Amino acid sequence: MQYEAILGPEDVLSERPFTNAENTTREVDVMGYMLEEERELARGWAEAREDAPQNFVVREQDAEGRRHLLVVPSTRSIVEAADVTAIGFFGRVREDVDHSILFGLEDELVERMARYGEAGLLSYYDVELVAPKGAYGNLILFSTPDVPEAWYRDEVHRRAVELSPGHYYEVRLHKGTVAGSLLDGGQIEVERTKYFDFKETEVWFGLRRFQG
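Residues numbered from 1 in each chain as written. Predicted model: local features only at pLDDT ≥ 70, side-chain atom pairs only at ≥ 80, totals over all residues. Heavy atoms only, no water.

S.K.: So what's going on with the overall build of the chain? Which residues, and what values?
M.R.: Scanning the chain for helices and strands turns up six helices and nine strands. Relative to the globule expectation of 17 Å for 212 residues, the C-alpha radius of gyration of the chain, 17 Å, shows essentially globular dimensions. Structurally, the chain occupies a C-alpha span of about 55 × 40 × 35 Å along its principal axes. Here the chain holds 212 residues, and 48% of them are scored as buried. For the chain, contacts bridging at least 24 residues in sequence account for 69% of all contacts bridging at least 6. As displayed, the chain offers around 11300 Å² of accessible surface, 48% of which is attributable to carbon and sulfur atoms. Charged side chains of the chain number 24 positive and 41 negative; the gap between the two group centres comes to 3 Å. (Helix = DSSP H or I, 4+ residues; strand = E, 2+ residues; numbered from the N terminus. Rg over C-alpha atoms; globule rule 2.2 N^0.38 Å. Buried < 20%, exposed > 50% of the residue type's maximum accessible area, 1.4 Å probe, protein only. Contact = heavy atoms within 4.5 Å. Areas by Shrake-Rupley, 256 points an atom, 1.4 Å probe, with all protein chains shown as cover. Lys, Arg positive; Asp, Glu negative; His and termini not counted. Charge placed at Lys NZ, Arg CZ, Asp CG, Glu CD.)

Right, dumping it as structure tokens:
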């Protein structure tokens, strides 16, 4: 991937405001909320021990009517997880597009979660955001230092990536880590944010490094 801009923690790219660092700060806060939801469940599974389910899938709406999808391929793996990699996906959706095909692809991904779990996937959490309307945020946790090849080279994931320009104006992809045992309460330390601008004929790629 060739980046048109590589930014430091405080750099400003005025012509592309969606790259402002404050967006990463806000979205990592959302990722932290999602992480705490998962921790609460994982602590319950730790206490339940052999009575805990082997895996976990829930689709529900919260009190505000927002859709939640959480998939945990192995409850034991997430209970025992340490030094976790956290990936966050946030995009500005196109309002005049039918996004049902993306939900269909998500269903296919759910069916493959056991396979991804063997490669290091700990959980996949998709939540509908309060604003903007129709937007979703993803938090994906891995036990591996980097995203496993089995995840990003999977044909369903690849199809979702290929469809992204037709469904989003812009996308921010965050990568961070949670040091120590996942159940201990460590926060997400963001390392970098990748930027994808789909508004023009040619896709614009950018990168912001917060560490290193």
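Further notes follow.
S.K.: Explain the pairing of strand β4 (residues 82-93) to me, using residue names and the numbers behind them.
M.R.: Judged by how many residues are buried, β4 sits mostly within the fold: nine of twelve residues are covered. Sheet topology places β4 next to strand β7 (residues 168-181); eleven bridges connect them, and they run antiparallel. Bridge assignment links F89 to a residue of β7, and that residue is L173. As paired strands, β4 and strand β6 (residues 136-142) are joined by six bridges and run antiparallel to one another. The partner of T85 across the bridge, within β6, is F142. (Pairing = 2+ DSSP bridges.)

S.K.: Tell me about the sheet that holds β7, and please be specific about residues and values.
M.R.: Taking strand neighbours across the sheet as the criterion, the nine strands line up as β1-β9-β8-β7-β4-β6-β5-β3-β2 in an open arrangement whose pairing is mixed. Taken across any chain shown, the strands that pair with only one partner, and hence form the sheet edges, are β1 (5-7) and β2 (56-61). Averaged over all adjacent pairs, the angle separating strand axes in this sheet is 10°, with direction ignored. Bridging between β1 and strand β9 (residues 204-209) involves three bridges; their strand directions are parallel. Across the sheet, residue L7 finds its bridge partner in β9, namely R208. On top of the sheet, helix α3 (residues 100-111) reaches β2, β3 (67-72), β5 (121-128), β6 and β7; it is set at about 25° to β3, its chief contact. (Axes fitted to C-alpha atoms, helices over the stretch in contact; angles between N-to-C directions.)

S.K.: Tell me about the nonpolar core, and name the residues and values.
M.R.: If you look at the biggest cluster of nonpolar residues, it comprises 28 residues, and the most contacted ones within it are W45, L139, L141, L182 and I188. Counting residues per element, the ones that place at least two in this core are α1 (21-48), β3, α2 (75-79), β4, β5 and β6. Beyond its immediate sequence surroundings of up to four residues, I188 is in contact with V28, M31, G32, L35, A86, L139, G176, T177 and V178. One finds L105, V110, I140 and V156 within the second-largest nonpolar core, a separate group that totals 14 residues. (Core = buried A, V, L, I, M, F, W, Y, C linked by side-chain atoms within 4.5 Å.)

S.K.: Which residues make up the pairing of β5, and what are the values?
M.R.: Among the eight residues in β5, eight count as buried, and that is most of the element. Judged from the four bridges that link them, β3 and β5 form a sheet pairing that is antiparallel. Residue pairing for β5: H68 is matched across the bridge by V127. Judged from the seven bridges that link them, β5 and β6 form a sheet pairing that is antiparallel. Along β6, the bridge assignment pairs Y124 with I140.

S.K.: Break down unusual backbone geometry for me, with residues and values.
M.R.: In this model, R49 sits at a positive phi of 55°, which is unusual for a non-glycine residue. Among the structural elements, R49 can be located in the loop between α1 and β2. Its relative accessible area of 67% is what places R49 among the exposed residues. Positioned with a positive phi, D83 is a non-glycine residue whose angle comes to about 50°. In this structure, D83 sits in strand β4.

S.K.: Quick rundown of the environment of P9? Include the residues and the values.
M.R.: The residue P9 is located in the loop between β1 and α1 in this model. The class of P9 is partly exposed, set by a relative accessible area of 36%. Once the C-alpha coordinates of P9 and Q211 are considered, the two residues, 202 residues apart in sequence, prove to be 8.0 Å apart.

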